[in-house]
Amino acid sequence: MPGTPYVVEDVMTRTVVALRDAAEFKDIARTMRHRRISALPVLDADGRVVGVVSEADLLPKEESRDRDPAEPRTRHATGRAKARAVTAGELMTSPAVTVSADATLSQAARLMARHRAKRLPVVDGAGVLKGIVSRSDLLEVFLREDQDIAEDVRRGITTHLPAVPVRPIGVEVHDGVVTLTGHVRDTTLVPVLVRLVRATEGVVDVHCELQGPLRRPDLDPDLPAP
């Protein structure tokens, strides 16, 4: 809403464990277990992300032990290739699904949902690895202090819809839930106001108790009673 929205660079982890394409199977498995990481980006010689190796890429080697030798080789071709792979370059899923550092958190969340990814490598314009962002990183905005959220909401109302209020709108925030109270000149703009507030980083929900302008019988004789 007001100001610049949070972007991936604001929440990403900058120290990243990554692999070269020549990294060997056991080293990859050992690194995942030691670091408690389920997926690792694979880099070329220039530090560009060329793929990702996940636990799912390692499992075919174990699964293949019980596979029927008589099973047609055309079935599970990808699994067979993974089972024979011994390096990161052979194991990785490529091209990698990545996100730019200046992408909004909403854009990163949509990418994760679309590709069912738990984390995404963060890259610059040349594809060079700059960090990694996980699902938990995207949730950090919901840990913002209520006071900070309220200040952003008030600033946004003043900036984006200065003509809406009859008087300053009451803004209260509790555990990320924003309650709006007061009177506005044009009630048709209330849904727009609610959408703007809901777009503020860290807002969990919006309770709108806004009403139309107060009746002034002496000045507005034709205005219906509330």
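Refer to the structure presented above.
A quick note: this is a predicted structure, and the numbers were derived from the prediction, not measured.

Trainee: Which residues make up the overall build of the protein, and what values go with them?
Mentor: Across its full length, the protein carries nine helices and nine strands. Sorting the 226 residues of the protein into buried and exposed places 38% on the buried side. Restricting the contact set of the protein to residue pairs at least 6 apart, pairs at least 24 apart contribute 57%.

Trainee: Which residues make up the side chain of Glu201, and what are the values?
Mentor: With respect to the element layout, Glu201 can be found in the loop between helix H9 (190–198) and strand E9 (205–211). Notably, Glu201 is buried but unbridged: the nearest opposite-charge side chain belongs to Arg144, and the N-O separation is 6.5 Å. Beyond its immediate sequence surroundings of up to four residues, Glu201 is in contact with Pro5, Tyr6, Leu105, Val141, Arg144 and Ile149.

Trainee: Describe the sheet that holds strand E7 (residues 170–174), and please don't skip the residues or the numbers.
Mentor: With respect to topology, three strands assemble into an open sheet ordered E7-E8-E9, the strand pairing being mixed. What marks the edges here is a single partner per strand, and that holds for E7 and E9. Here the average twist between neighbouring strands, direction ignored, is 10°. Of the strand pairs in this sheet, E7 and strand E8 (residues 177–183) are connected by five bridges, and their pairing is antiparallel. Bridge assignment links Val173 to a residue of E8, and that residue is Val178. The strands touched by helix H8 (residues 146–160) are E7 and E8; relative to E7, the strand with the most contacts, the crossing angle is about 150°.

Trainee: An account of the environment of Lys130 is requested, with residue identities and associated values reported.
Mentor: Summarising the element assignment, Lys130 is placed in strand E6 (residues 129–134). A relative accessible area of 41% means that Lys130 is categorised as partly exposed. Here the alpha-carbon distance between Lys130 and Arg14, two residues 116 residues apart in the chain, equals 6.4 Å. Aside from chain neighbours lying at most four places away, what touches Lys130 is Met12, Arg14, Val122, Val123 and Asp124.

Trainee: I'd like a description of the pairing of E8, backed by residues and values.
Mentor: Taken residue by residue, a regular strand's side chains alternate between the two faces of the sheet. Counted between consecutive antiparallel strands, the loop separating E7 from E8 contains two residues, among which Asp175 sits at a positive phi close to 55°. Inspection of the sheet shows E8 paired to E9 by seven bridges, in the parallel sense. Among the inter-strand pairings, Leu180 is bridged to a residue of E9, identified as Cys208. In this region the chain leaves E8, passes through H9 and returns to the parallel neighbour E9; the handedness of that crossover is right-handed.

Trainee: Describe in detail the environment of Ala108, supporting the description with residues and values.
Mentor: Its location among the elements puts Ala108 in helix H6 (residues 105–115). Assessed through its relative accessible area of 0%, Ala108 is described here as buried. Considering only alpha carbons, one finds Ala108 and Thr98, ten residues apart in sequence, at a separation of 9.1 Å. Look past the residues within four positions of Ala108 in its chain and what remains in contact with it is Val8, Val99, Leu120 and Leu138.

Trainee: Can you break down the nonpolar core residue by residue, with the values?
Mentor: By size, the foremost hydrophobic cluster in this structure holds 18 residues, and its most contacted members are Val153, Ile169, Val171, Val178 and Leu180. Counting residues per element, the ones that place at least two in this core are H8, E7, E8, H9 and E9. The contacts of Val171, once residues within four sequence positions are left out, are Ala150, Val153, Arg154, Ile157, Val178, Thr179 and Leu180. Counting residues in each nonpolar core, the second largest holds 16 residues, with Ala108, Val122, Val133 and Leu138 among its members.

Trainee: Just give me the short version of the pattern of salt bridges, but keep the residues and values in it.
Mentor: When the charged atoms of two side chains with opposite charge come close together, those side chains can pair. Under the definition given, this model contains seven salt bridges. Asp44 is the partner of Arg48 in a salt bridge, and the nearest nitrogen-oxygen pair spans 3.2 Å. In this structure, the salt-bridge partner of Asp152 is Arg144, at a minimum N-O distance of 3.0 Å. Considered together, Asp152 and Arg144 belong to a single accessibility category, that of buried residues.

Calculation rules
- Residues numbered from 1 in each chain as written.
- Predicted model: local features only at pLDDT ≥ 70, side-chain atom pairs only at ≥ 80, totals over all residues.
- Heavy atoms only, no water.
- Helix = DSSP H or I, 4+ residues; strand = E, 2+ residues; numbered from the N terminus.
- Buried < 20%, exposed > 50% of the residue type's maximum accessible area, 1.4 Å probe, protein only.
- Contact = heavy atoms within 4.5 Å.
- Lys, Arg positive; Asp, Glu negative; His and termini not counted.
- Salt bridge = Lys/Arg side-chain N within 4 Å of Asp/Glu carboxyl O.
- Pairing = 2+ DSSP bridges.
- Axes fitted to C-alpha atoms, helices over the stretch in contact; angles between N-to-C directions.
- Right-handed = clockwise from strand over helix to strand, strands pointing away.
- Core = buried A, V, L, I, M, F, W, Y, C linked by side-chain atoms within 4.5 Å.

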